[in-house]
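# Close look at the chain arrangement
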Amino acid sequence: MRRARSAAASKPRGQKRSGASGAPVAAASAPRDSRARRSASKAGGGSRAASRQPSAKRRPKPSPPRAQQAGPEEPPPAELALLPPPPPPTPATPTSSVSTLDLGEQRERWETFQKRQRLSFEGAAKLLLDTFEYQGLVKHTGGCHCGAVRFEVWASADLHIFDCNCSICKKKQNKHFIVPASRFKLLKGAESITTYTFNTHKAQHTFCKRCGVQSFYTPRSNPGGFGIAPHCLDEGTVRSVVTEEFNGSDWEKAMKEHKTIKNMSKE
């Protein structure tokens, strides 16, 4: 009897112990299982992300441009070092120095001429060209009364003057000789000049705004040249003067009858 009771008593105790001890173990193991699952899921997610990363990096590489593919291959640096250096650029040939001209035996003479005349290379060349092109002519200079307008003109030392009697030339005593435009140069006073025209407006009567003197103008007979007032030239270059009367009051008839006046502004 005692053994049966002890056995019966021992069973419930064992069940209670096992039940009491089993519940906490299960409860304690449950959080561990959930943690393990979470860690496993994290590890699985990390492995998935790790497995996805290579797919993101596996994008197709951009192909090089066709021009680069079609072009010739560049030589390696070793071959570049063997290539000869490019030739130096050819310097521009200066045109403002006497050293660039082949003057031969005349070099010393030319340099001496420049020093004696105190001329630059350009000034000496201009003097030479003027002397050659305007052979037989002299350079006259002149201007208005106040000095605001100044000019130079290449013409003969023996001047052929026209004395016109048209309505305006008669009133202002417009005696003048005619030269081509290429032989006339205005030195200063362009801003001081004003112009008067009338009738056909072909003649440009230019005069100084300040003093009113007309030292040159553009005549109707020669619109491609200039009419220069001989009395406005500086002294020392005029050798002789011949005056011809021109019947400007009957201008059309006078132009038809005159043989040379139309060509006086031509080269």
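Summary of the structure given here. (Residues numbered from 1 in each chain as written. Predicted model: local features only at pLDDT ≥ 70, side-chain atom pairs only at ≥ 80, totals over all residues. Heavy atoms only, no water.)

Here the focus is the overall build of the chain. Looking only at helices and strands, the chain has 7 helices and 10 strands in total. Across the 267 residues of the chain, 24% fall into the buried class. When the accessible area of the chain is evaluated, it comes to approximately 20000 Å², of which 54% is carbon and sulfur surface. (Helix = DSSP H or I, 4+ residues; strand = E, 2+ residues; numbered from the N terminus. Buried < 20%, exposed > 50% of the residue type's maximum accessible area, 1.4 Å probe, protein only. Areas by Shrake-Rupley, 256 points an atom, 1.4 Å probe, with all protein chains shown as cover.)

On to the pairing of strand β2 (residues 150-155), then. When you tally the buried positions in β2, you get 5 out of 6 residues, the bulk of the element. In this structure, strand β1 (residues 138-143) lies alongside β2, joined through 6 bridges in antiparallel fashion. Note on β2: the bridge partner recorded for Gly-143 is Arg-150. Remark: 6 residues form the turn of the hairpin made by β1 and β2, two consecutive strands paired antiparallel; Gly-147 in that turn has positive phi of roughly 90°. With 4 bridges connecting them, β2 and strand β5 (residues 184-188) associate as antiparallel partners. Following the sheet pairing, Arg-150 is matched in β5 by Lys-188. (Pairing = 2+ DSSP bridges.)

This part is about the sheet that holds strand β3 (residues 158-164). Here we have 5 strands laid out as an open sheet, ordered β8-β9-β4-β3-β10, and mixed in their pairing. The open sheet is flanked by β8 (216-217) and β10 (240-246), the only strands paired with a single partner. Here 2 bridges tie β3 to strand β4 (residues 175-180), and the two strands are oriented antiparallel to one another. Bridge assignment links Phe-162 to a residue of β4, and that residue is His-176.

In this section: the nonpolar core. Formed by 17 residues in total, the largest nonpolar core has its most connected members in Phe-177, Phe-216 and Ile-228. Those elements that provide at least two residues to this core are β2, β3, β4 and β9 (225-228). At 3 residues, β2 tops the list of elements feeding residues into this core. The contacts of Phe-177, once residues within four sequence positions are left out, are Ala-155, Leu-159, His-160, Ile-161, Phe-226, Gly-227, Ile-228, Pro-230 and Leu-233. (Core = buried A, V, L, I, M, F, W, Y, C linked by side-chain atoms within 4.5 Å. Contact = heavy atoms within 4.5 Å.)

Without other data, these values stay purely geometric and don't point to any function.
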